[in-house]
Amino acid sequence: MRCSLSSKGVQDWTGHVLVVGLLQDQSATALEARFPGLGAALEQQQFKGKPADQLLINRLGGDGPQRLVVLGLGPANGFNLEGVRSAAARAAKAATGQTGSLGLQLSWDGLEPTAAAAAAAEAARLALYADQRFRKAPEPRRQPDALELIGLPEAATTGLDAVAANCAGVELARELVAAPPNVVTPAALAKTAAELSRNYDLELSVLEQADCEARGMGAFLCVSQGSDLDPKLIHLIYHPEGEVKRRVALVGKGLTFDSGGYNLKVGGAQIDMMKFDMGGSAAVLGAMRSIAERKPTGVEVHMIVASCENMINGSAVHPGDIVTAADGTTIEINNTDAEGRLTLADALLYACEQKPDAVVDLATLTGACVVALGDEIAGLWSNNDGLATALQQAADAGGEGLWRMPLRASYKEGLKSKLADFKNTGPRPGGSITAALFLEHFVGEGIAWAHIDIAGTVWTDKGRGLDPAGATGYGVRTLANWICNLA
Ligand code: BES
Ligand code: MN
Ligand code: ZN
């Protein structure tokens, strides 16, 4: 979808679908002037500009738009960028069935114009995403292929610069997460990284099982012992043009399927959804795609994914096994279903070898995080206030829910093992905090680190706002915007 600012107003915009937002009790006289009778139609529908109000008129005829949609935006004082996003997503959905261009006029007053343009354009494009890859006969989709924002000042146009790159990154992540576990395997993730490497000139290395063995990555490797698929450690690097001022590492959990292992997922543990357990890796791959296209200067970006499957056979790791991570730390596996942190331990150690200033990991790590924050907010843990604040700002600006959680040091007691340095799981209460504390142990001295638990936000069953039902692509925009803000 192409996005631009229109120099026309609602009075003279020519295109295919015109969507106009009205605040609560805002008058429709400007619209009435162009579409006589509209005021009466709004009145008849008792349209008050409430967020649920919507009027759609089709087949207008003449040489103006074929479809007119009027959206309620709610009260003027509560209308913000979140309102822009949800209205733009509703506008895009109301425009489906009609091809051509979509003109969108919202209430832009009081909003920063570049941010408003970015929010509207990203939301409209992301809301129109539909995944038809796995159908025998994809349904033909009729939808606008151009978005024109009406009523914004010329200066807002720079807000559109990153929209295509960010949305393509989100869509890549959604595709990877939604694809079934017999399609998106560790090898398939490595292949995706190879495609990015080729298309955008990124440096790629893939460590095979033997390479990981040679490095002593016993925590990562034990997880895939019971799988027929080989594990892959994928390392992709973005080198900026010119001088490198900062180096950051993005680490993603890449479990292409999580059966739980011998602590098998039973009852309501959603085993059939565990294809999404590579959502962290999808987010960092998507972010790399966005970053590679946006080309921030001064910052070198390392992406690391230790990908495998958690399965069961006669070689699978036993509950009770003790394994050794690459730094020599020994871990007693008291629960094979806490496998993500095992893979991340070696991935974080490897990431810290790259001597980054900051490391951020994204992982569908704990059900406990979903219990705490639901499916609209990811949990953030960090050993560094500056990094936490920067990530929080990037998430807020992009409309991705994020909430900082405590790294309560005393809870690390819960990970004490009688035999090994640690157990991999602590008590049920505070389960997402002990998971974060476990990860922190593997972060190098003096390196700023943040962990984002996306177990809830990776997927939406019903769809919400700009996310159609299914994989959300959560995290791509937060990471890409954070890194591009560093430039
Ligand atoms: N991939 C799961 C976490 C998960 C659960 C994500 C539900 C999304 C929805 C992770 O590997 C896991 O199984 N975690 C366990 C940890 C427990 C054994 C300490 C969990 O949360 O139950
Ligand atoms: Mn698990
Ligand atoms: Zn898992």
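Residues numbered from 1 in each chain as written. Chains lettered and ligands numbered in written order. Predicted model: local features only at pLDDT ≥ 70, side-chain atom pairs only at ≥ 80, totals over all residues. Heavy atoms only, no water.

When you look at the domain arrangement of the protein chain in this model, what are you seeing that I'm missing?
One frequent convention defines the size of an interface as the accessible area lost when the parts assemble. Examined at the domain level, the protein chain breaks down into domain 1 (2–152) and domain 2 (164–486). Each of domain 1 and domain 2 was reduced to a C-alpha centroid, and the two centroids are 37 Å apart. Taken together, both faces of the contact between domain 1 and domain 2 bury some 1400 Å²; the carbon and sulfur share is 58%. Summed over the shared surface of domain 1 and domain 2, the number is 2 salt bridges. Arg-125 is the partner of Glu-171 in a salt bridge, and the nearest nitrogen-oxygen pair spans 2.7 Å. Summed over the shared surface of domain 1 and domain 2, the number is 8 residue pairs in polar contact (both at pLDDT 80 or more). (Domains from an automatic or database assignment. Buried area = accessible area lost by both parts, 1.4 Å probe. Salt bridge = Lys/Arg side-chain N within 4 Å of Asp/Glu carboxyl O. Polar contact = N/O pair within 3.5 Å; in protein donor to acceptor, adjacent residues only side chain to side chain.)

Any chance you could explain the coordination of the zinc ion (ligand 3) here in plain terms?
Six octahedral donors at a metal ideally form angles of 90 or 180 degrees, and four tetrahedral donors ideally form angles of 109.5 degrees. In this structure, Lys-253 (NZ), Asp-258 (OD), Asp-277 (OD) and Glu-339 (OE) serve as the protein donors to the zinc ion (ligand 3), at separations of 2.0 to 2.4 Å. For the zinc ion (ligand 3), the 6 donor atoms are set out with angles of 78 to 174 degrees between them, so the coordination reads as octahedral. When the donor residues of the zinc ion (ligand 3) are listed from N- to C-terminus, their spacing reads K-x4-D-x18-D-x61-E. (Donors = N, O, S within 2.8 Å, 3.2 Å for Na, K, Ca; no water. Tetrahedral: all angles 85-135°; square planar, octahedral: opposite > 155°, others 65-115°.)

Just checking my understanding: could you explain the coordination of the manganese ion (ligand 2) for this structure?
Binding of the manganese ion (ligand 2) to the protein goes through Asp-258 (OD), Asp-337 (O), Asp-337 (OD) and Glu-339 (OE), at separations of 2.0 to 2.2 Å. Classification of the site at the manganese ion (ligand 2) rests on its 6 donor atoms, whose angles at the metal span 72 to 168 degrees, yielding the label irregular. Sequence positions of the residues that donate to the manganese ion (ligand 2) give the spacing D-x78-D-x1-E. The metal-metal distance between the manganese ion (ligand 2) and the zinc ion (ligand 3) comes to 3.1 Å, with Asp-258 coordinating both. Of the two residues, Asp-258 is situated in strand E9 (residues 246–258) and Asp-337 in the loop between strand E12 (330–332) and helix H10 (340–353); the sequence distance between them amounts to 79 residues. Classification of Asp-258 by relative accessible area gives buried; the value is 3%. Overall, Asp-337 belongs to the partly exposed group, its relative accessible area being 22%. (Helix = DSSP H or I, 4+ residues; strand = E, 2+ residues; numbered from the N terminus. Buried < 20%, exposed > 50% of the residue type's maximum accessible area, 1.4 Å probe, protein only.)

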